[in-house]
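Letter by letter, the chains look like this.
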Amino acid sequence: MRVGLGYDVHKLVEERDLIIGGENISHEKGLLGHSDADVLIHAIMDSMLGALALGDIGKHFPDTDEKYKGADSMKLLKCVNELINEKGYVVSNIDSIIVAQAPKMAPHIQKMRKNIADALNTSIDNISVKATTEEGLGFTGTKEGISAKSICLIIKK
């Protein structure tokens, strides 16, 4: 068994969709990024890649490559899962957290968990998604951005 840690952050801007955990969430701002900027999925992918010391998502899906412009992060997550599987491992479980002052994530968490479980071909019971605020502190507290953290345990098939 191996464990990996992931972290991602994106700036909130106008005229972008807010996509987190594969869910398009109604909000006046969205996350800025080369792809769809799904901060949660990016943190999860980094934790999966980190578990096998395979680098980070920037190595596998560089923002300098136009083919990833506007990319659906859920599709990229499936690619990372295939890479993990090719190395003889499967995801045992993921524990993740979204740090955002607004909007409220609670109404979307079950759908996010299902999206992630489906992409990884695993049980929803293996996927934990939590959310918190930073009580008005820091860039997430002042609504300048959203961050996410993830830890992933992988096991041999």
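On a predicted model such as this, the values are computed, not experimentally measured, just so you know.

With respect to the overall build of the protein chain
Argument step 1. Regarding its fold elements, the protein chain presents five helices and seven strands.
Argument step 2. In sequence order, the secondary structure elements of the protein chain are arranged as β-β-β-β-α-α-α-β-α-β-α-β.
Argument step 3. Over its C-alpha atoms the protein chain spans a radius of gyration of 15 Å, differing by no more than 12% from the 15 Å that the globule rule assigns to 157 residues.
Argument step 4. The principal-axis extents of the C-alpha atoms in the protein chain amount to approximately 45 × 35 × 25 Å.
Argument step 5. Accessible surface computed for the protein chain: about 8,000 Å², of which carbon and sulfur atoms make up 50%.

Thoughts on the sheet that holds strand 1 (residues 2–13)
Argument step 1. The strand order 4-1-7-5-6 describes an open sheet built from five strands, whose pairing is mixed. In this open sheet, the two edge strands, each paired with only one partner strand, are strand 4 (30–31) and strand 6 (127–132).
Argument step 2. With 10 bridges joining them, strand 1 and strand 7 (residues 145–156) adopt antiparallel strand pairing. When the bridges of strand 7 are listed, Tyr 7 appears paired with Lys 149.
Argument step 3. Sheet contacts for helix 4 (residues 109–120): strand 5 (89–99) and strand 6; angle to strand 6, the most-contacted strand, approximately 145°.

Points about the pattern of salt bridges
Argument step 1. As enumerated under the stated definition, the model contains two salt bridges in all.
Argument step 2. The salt bridge partner of Lys 114 is Asp 118, with a shortest N-O separation of 2.7 Å. Residue Lys 114 and its partner Asp 118 are both found in helix 4; the two are separated by four residues, about one turn of the helix.
Argument step 3. Relative accessible area serves as the criterion here: at 45%, Lys 114 is assigned to the partly exposed category.
Argument step 4. On the accessibility criterion, Asp 118 (46% relative accessible area) is partly exposed.

Notes on the nonpolar core
Argument step 1. One finds Ile 20, Leu 40, Met 48, Leu 77, Ile 98, Ile 116 and Ile 146 to be the most contacted residues of the largest nonpolar core, which totals 44 residues.
Argument step 2. For this core, the elements supplying multiple residues, two or more each, are strand 2 (18–20), helix 1 (39–51), helix 3 (73–86), strand 5, helix 4, strand 6 and strand 7.
Argument step 3. Looking at which element gives the most residues to this core, the answer is helix 1, with nine residues.
Argument step 4. Setting aside its immediate chain neighbours within four residues, Ile 98 contacts Ile 20, Leu 40, Met 105, Met 112, Val 129, Lys 130, Ala 131, Thr 132, Ile 146, Ser 147 and Ala 148.

What about the packing of helix 3 against helix 4?
Argument step 1. Viewed as axis vectors pointing N to C, helix 3 and helix 4 meet at an angle of 40°, and their least axial separation amounts to 8 Å. Regarding the angle of helix 3 to helix 4, the classification is oblique. For helix 3 against helix 4, the interelement crossing comes out right-handed. Residues Met 74, Leu 77, Lys 78 and Asn 81 of helix 3 form the contact with helix 4, whose participating residues are Asn 115, Ile 116, Ala 119 and Leu 120.
Argument step 2. A per-class count over the contact of helix 3 with helix 4 returns five nonpolar, two polar and one charged.

Digging into the side chain of Ser 35
Argument step 1. Note on placement: Ser 35 falls in the loop between strand 4 and helix 1.
Argument step 2. Side-chain polar atoms of Ser 35 contact the backbone nitrogen of Ala 37, separated by 3.1 Å.

Definitions and limits used
- Per chain, residue numbering runs from 1 following the sequence as it is written.
- Two thresholds apply to this predicted model, a pLDDT of at least 70 for residue-level local features and 80 or more for giving and counting side-chain atom pairs, whereas whole-chain, interface and lining totals are computed over all residues.
- Neither water nor hydrogens contribute to the side-chain values; these are computed over all heavy atoms in the structure.
- Here a strand is any run of E in DSSP of at least two residues, a helix any run of H or I of at least four, and the numbering for each starts at the N terminus.
- Computation of the radius of gyration draws on C-alpha atoms alone. For the globule rule, the value is 2.2 Å times the number of residues to the power 0.38.
- All accessibility values rest on the Shrake-Rupley procedure with a 1.4 Å probe; residue burial counts only the protein chains present in the view.
- We call two strands paired when DSSP finds no fewer than two bridges between them.
- Any two residues having at least one pair of non-hydrogen atoms within 4.5 Å are treated as being in contact.
- Every axis in this analysis is a line fitted to C-alpha atoms, fitted for helices over the stretch in contact. Angles between the N-to-C directions lie between 0 and 180 degrees.
- For this document, the term salt bridge refers to a Lys or Arg side-chain nitrogen within 4 Å of an Asp or Glu carboxyl oxygen.
- Think of it in three bands: residues with accessible area under 20% of the maximum for their type are buried, residues over 50% are exposed, and the middle band is partly exposed, with areas taken using a 1.4 Å probe on protein chains only.
- The term nonpolar core refers to a set of buried residues drawn from Ala, Val, Leu, Ile, Met, Phe, Trp, Tyr and Cys, joined through side-chain atoms within 4.5 Å.
- Orientation labels follow simple angle bins: below 35 degrees gives roughly parallel, above 145 gives roughly antiparallel, 65 to 115 gives roughly perpendicular, and whatever is left gives oblique.
- Definitions for this section: a left-handed crossing has its near helix turned counterclockwise from the far helix by less than a right angle. A right-handed crossing has that turn clockwise.
- Under the convention adopted here, Pro, Cys and the residues Ala, Val, Leu, Ile, Met, Phe, Trp and Tyr are nonpolar, Asp, Glu, Lys and Arg are charged, and Gly plus all remaining residues are polar.
- Any pair of N or O atoms that falls within 3.5 Å is considered a polar contact. Within protein, one atom must be able to donate a hydrogen and the other to accept it, and sequence-neighbouring residues count only if both atoms are side-chain atoms.

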